Amino acid sequence: MTETRNPVRLRGITWGHRRAIDPLVEASRAFAARHGGGGADWSVRDLRAFEHQPLAEAIRECDLLVFDHPFIGEIAESGLFLPLDDVLARVEGGASEASYAGPSLRSYRWRGQVWGAPVDAATMNAVLRADLVQQLDCPLPVTWEDVVALGRAARRRGLWLGLANGDHHGFLAAGTLMHNLGAGWTTTPEGGLRFDLARFREALEALEEVNAYAHPDCGHFNSIALHDAMSSRDDLAYCPLTYGYATYGEADFGRRRLAFAAAPGLKAPHCAGTLVGGAAVGITAHCADVEAAKAYAAFLLDPEVQRGIFARHHGQPATASSWTDPVIDKAFNGYFSAVGETLARAAIRPRFKGYGLFEKRAGAHVAAFLRKEAGMTPTLEALARLVEETGAERLVSA
């Protein structure tokens, strides 16, 4: 007599936004309906925890965790997660980087293994209120000089630029401008990071110039708070760089529907060098049923699930076919066509173990600078000390 295997209900954690949880909940329903049970029960943590909560703490009570790629080095070295190459092999084209938007899959590949199933793709891009920008008689910015000109025009009309300067978001905006200048955060053969402080100063000065036209509230905004403010207020016209949330382009979200554009930069190609975001599903090493988790993760990667369930339930799919689908693009007010080239040219953040703590601490210094709580020289000195304190084997200034 064959023993019937009862479907296991997994426990998953993502971050607290409808872009993150709604498609996962609906995908669990669809998976359970197709397989006679199983799937996952999803709970949330806030965006700050998603970005910087220690992994050992985050996975304590879950089988599946949605995370961002800078944790990959820690994941690979810690033994806290399982590699997912065999999951990708279950999906047609799942192991091919060309099947995903931009560097989405590559960002979760570390030393020959894949540690996360990419289900969400994002990078820094421009966000705008089309109705307000139309009042300014300025072209949509392509260069950083265009952003400054639009900022001046906005202030003349009693409007402001929007920026996400809180937590580490301002630091990553400056990092994006560094990469656009050609000063990428390259990894050394020893596994550390070359961080060019002179180029960082140049990028921070450019961000400071635009910050002069940003509303004071921006000093504490993360990307979600910025999108919320731009869709509910009538004084924030344009943001040049923030991690984009396509769902704010949907007709049912917020008082005002947001629009999107390619990231402007300091040199051509101006949209190149943004620091990629997005998210992947990881399977924890203590998962209650590894086979059930792998089957569910493969289901999430299915291109039809990405184009269907994820796109219809406010998600931001990671598959390339979703990003080029005109129906999906229209539903999200042109987000995918506007941001596609920017994502294709995006850079991957460092992923060695310990980078996340560096990013968090550096972000606090830059946030204080952009709130005018610290000057340029003390900020750069703090960054230089942080580079040294984080560990000579990890970080060196170029």
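Here, every reference points to the structure presented above.
Below or above, wherever it landed, is the structure these notes cover.

What counts and what doesn't
Residues numbered from 1 in each chain as written. Predicted model: local features only at pLDDT ≥ 70, side-chain atom pairs only at ≥ 80, totals over all residues. Heavy atoms only, no water. Pairing = 2+ DSSP bridges. Helix = DSSP H or I, 4+ residues; strand = E, 2+ residues; numbered from the N terminus. Contact = heavy atoms within 4.5 Å. Axes fitted to C-alpha atoms, helices over the stretch in contact; angles between N-to-C directions. Phe/Tyr/Trp six-rings, centres within 6.5 Å; stacked < 30°, edge-to-face > 60°. Buried < 20%, exposed > 50% of the residue type's maximum accessible area, 1.4 Å probe, protein only. Polar contact = N/O pair within 3.5 Å; in protein donor to acceptor, adjacent residues only side chain to side chain. Disulfide = S-S within 2.5 Å.

As a further point, take the sheet that holds strand β10 (residues 236-243). Sheet strands associate in pairs through backbone hydrogen bonding, adopting either a parallel or an antiparallel arrangement. If you walk across this open sheet you meet the 4 strands as β8-β10-β7-β11, and the pairing is mixed. Each edge of the sheet is formed by a strand with only one pairing partner; in this case those strands are β8 (160-161) and β11 (259-261). Bridge count between strand β7 (residues 124-128) and β11: 3 bridges; the pairing is antiparallel. Paired with L128 across the two strands is A259, which belongs to β11. Contacting β7, β10 and β11, helix α10 (residues 223-232) runs over the sheet at an angle of about 160 degrees to β10.

Judged by pairing direction, the sheet is mixed, and its 5 strands sit side by side in the order β2-β1-β3-β12-β6 without closing on themselves. Looking at strand neighbours, the two that pair on one side only are β2 (40-45) and β6 (117-120), the edges of this open sheet. Within this sheet the neighbouring strands show an average axis-to-axis angle of 30 degrees, counted without direction.

Let us look at the packing of aromatic side chains. Inspection of the entire model under this criterion finds 21 aromatic pairs. With centroids separated by 4.6 Å and ring planes inclined at 35 degrees, the aromatic side chains of W15 and F50 adopt a geometry described as tilted. Of this pair, W15 sits in strand β1 (residues 10-15) while F50 sits in helix α2 (residues 47-52), and the two are 35 residues apart along the sequence. Using a relative accessible area of 2% as the deciding quantity, one classes W15 as buried.

We now examine α10. Most of α10 sits out of view: 7 of its 10 residues are buried. Taken residue by residue, α10 has S223, I224, L226, H227, A229, M230 and S231 as its buried positions. Looking at the buried positions of α10, the neighbouring elements they touch are β1, α2, β7, α8 (169-180), β10 and β11. For α10, the capping residue at the N-terminal end is N222, with a side-chain oxygen 3.1 Å from the backbone nitrogen of I224.

What follows deals with the side chain of D235. Residue position: D235 is located in the loop between α10 and β10. Here D235 falls in the buried class, since its relative accessible area comes to 19%. Here the side chain of D235 touches R233 through a polar contact of 3.0 Å, side chain to side chain. In this view, D235 contacts L132, L159, W160 and H215; residues no more than four positions away in its chain are not counted.

This part takes up the state of the cysteines. Throughout this description, disulfide means a covalent bond between two cysteine sulfur atoms. Counted under the stated rule, the structure contains 0 disulfides. As a non-bridged cysteine, C287 has C62 as the owner of its nearest cysteine sulfur, 9.1 Å distant. With relative accessibility at 9%, the residue C287 sits in the buried group.

Below, the discussion takes up unusual backbone geometry. A cis amide bond, omega -10 degrees, links A268 with the succeeding residue P269. Topologically, P269 is positioned in the loop between β11 and β12 (279-283). Located in the positive-phi region is D137, a residue other than glycine, with phi close to 55 degrees. Following the sequence through the fold, D137 ends up in the loop between α6 (130-133) and α7 (144-156). The phi torsion at K372 lies on the positive side, around 65 degrees, for a residue other than glycine.

None of the figures reported here should be taken as evidence of function without further support.
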